[in-house]
Amino acid sequence: MHHTALTEGLPGDNIGFNVKNVSVKDIKRGNVAGDSKNDPPNETADFLAQVIILNHPGQIHNGYTPVLDCHTAHIACKFAEIKTKIDRRSGKEIEQAPKNIKSGDAAMITLVPSKPMSVETFSDYPPLGRFAVRDMRQTVAVGVIKEVNKKVKETKGAGKATGKEAKGKDAGKAAGKDAGKAAGKDAGKAKPAKAGKK
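Residues numbered from 1 in each chain as written. Predicted model: local features only at pLDDT ≥ 70, side-chain atom pairs only at ≥ 80, totals over all residues. Heavy atoms only, no water.

**With respect to the packing of aromatic side chains**
Per the stated rule, a full pass over the model turns up two aromatic pairs. Plain terms: the ring middles of Phe-47 and Phe-131 are 6.1 Å apart, the flat faces sit at 70° to each other, and that makes the pair edge-to-face. On the criterion of sequence distance, the pair formed by Phe-47 in strand β1 (residues 44–53) and Phe-131 in strand β6 (residues 130–135) is long-range, its members being 84 residues apart. On the accessibility criterion, Phe-47 (1% relative accessible area) is buried. Consider the rings of Tyr-64 and Phe-79, whose centres lie 5.2 Å apart with planes at 75°: the pair is edge-to-face. Of the two residues, Tyr-64 sits in the loop between β1 and β2 (67–70) while Phe-79 sits in strand β3 (residues 73–86), which places them 15 residues apart along the sequence. Pair check on accessibility: Tyr-64 and Phe-79 agree, each one buried. (Phe/Tyr/Trp six-rings, centres within 6.5 Å; stacked < 30°, edge-to-face > 60°. Helix = DSSP H or I, 4+ residues; strand = E, 2+ residues; numbered from the N terminus. Buried < 20%, exposed > 50% of the residue type's maximum accessible area, 1.4 Å probe, protein only.)

Put into structure tokens, the structure is as follows:
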């Protein structure tokens, strides 16, 4: 069980692996590993989820921002828009754009993470597509993710730019050192000359 080599990791397996040029210090809670060539994980702009309110003392409105526990992430997410109230068993729509929801209700809600977060739809990747909503030291709701809007980054252009910037910085340091040395030499020469004039 412990420290046995595997040819592949299957769903449910706990595996350890090394990644080149990535230190343990670079990896933080909520990070997701994936295949860079085949459906890579990206930062989420917002997502649509089916949420069931289990135990909340008051009413939940648009703008409510509890903490979501999704995979290993522990991030506050804003209930941007409560789209529809639905029947929790059949999934049929009961009310369009309700003003609030309370304990026992189920709803389709658009959520916006307050910090960078990577999630997926429950149908594609179940462990990354279910979450618990925590508030007041208890679980107030649970949900499954139906749709995800991802932030798309231009990686190639950014990589080139950082390379150029790094070179520029090094060049700047070198130039600064040379300038400092030259200034030091000139200053050394100048002082005796001034003293001679006096």
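More follows now that the structure is in view.
**What about the layout of surface pockets?**
What the largest pocket holds in volume is close to 1200 Å³. Lining of the largest pocket is provided by 30 residues; of these, Ile-15, Phe-17, Val-32, Ala-33 and Gly-34 occupy positions nearest its centre. Here the residues of the lining of the largest pocket are counted per class, giving 16 nonpolar, nine polar and five charged. (1 Å grid on protein atoms, 1.4 Å probe; cavity = no way out; pocket = protein on both sides within 12 Å on 5 of 7 lines; lining within 4 Å. Points joined across faces, edges and corners; volume = space filled by probe spheres on them. Nonpolar A, V, L, I, M, F, W, Y, C, P; charged D, E, K, R; others polar.)

**Thoughts on the environment of Ala-106**
By the secondary structure assignment, Ala-106 is in strand β5 (residues 106–113). Judged by its relative accessible area of 1%, Ala-106 is buried. Counting along the chain gives 19 residues from Ala-106 to Asp-87, while the straight-line C-alpha distance between them is 6.4 Å. Beyond its immediate stretch of four places on either side in the chain, Ala-106 contacts Val-51, Ile-52, Thr-84, Lys-85, Ile-86 and Arg-88. (Contact = heavy atoms within 4.5 Å.)

**Thoughts on the pairing of β1**
For β1, the buried fraction is high: eight of the ten residues fall into the buried class. With nine bridges connecting them, β1 and strand β7 (residues 138–150) associate as antiparallel partners. Each residue of the ladder has a partner; that of Ala-49, found in β7, is Ile-145. Across six bridges, β1 lies against β5 in antiparallel orientation. Following the sheet pairing, Leu-48 is matched in β5 by Thr-110. (Pairing = 2+ DSSP bridges.)

**Here we look at the confidence of the model for the chain**
On average, residues of the chain carry a pLDDT of 80, and 76% of them reach 70 or more. Across the chain, β5 holds the top mean pLDDT of 95, while helix α1 (residues 155–197) sits lowest at 44. Low pLDDT, under 50, characterises residues 156–198; the predicted model gives this stretch zero contacts beyond four residues in sequence or across chains. (pLDDT = per-residue confidence, 0-100.)

**With respect to the side chain of Thr-121**
Within the fold, Thr-121 resides in the loop between β5 and β6. Taking the relative accessible area as the measure of exposure, Thr-121 reaches 12% and is therefore buried. Engagement of the side chain of Thr-121 in a polar contact is seen with the side chain of Asp-124, the distance being 3.0 Å. Contacts of Thr-121, omitting those with residues within four sequence positions, involve Gly-129, Ile-145, Lys-146, Glu-147 and Val-148. (Polar contact = N/O pair within 3.5 Å; in protein donor to acceptor, adjacent residues only side chain to side chain.)

**Describing the nonpolar core**
Core analysis: the biggest nonpolar cluster contains 25 residues, and Phe-47, Ile-109, Leu-111 and Phe-131 have the highest contact counts within it. Of all elements in the fold, only β1, β2, β3, β5, β6 and β7 reach the threshold of two or more residues within this core. Broken down by element, this core gets its largest block of residues, five residues, from β3. Sequence-distant contacts of Ile-109, that is, excluding residues within four places in its chain, are made with Phe-47, Leu-48, Ala-49, Val-51, Phe-79, Glu-81, Ile-82, Lys-83 and Ile-101. (Core = buried A, V, L, I, M, F, W, Y, C linked by side-chain atoms within 4.5 Å.)

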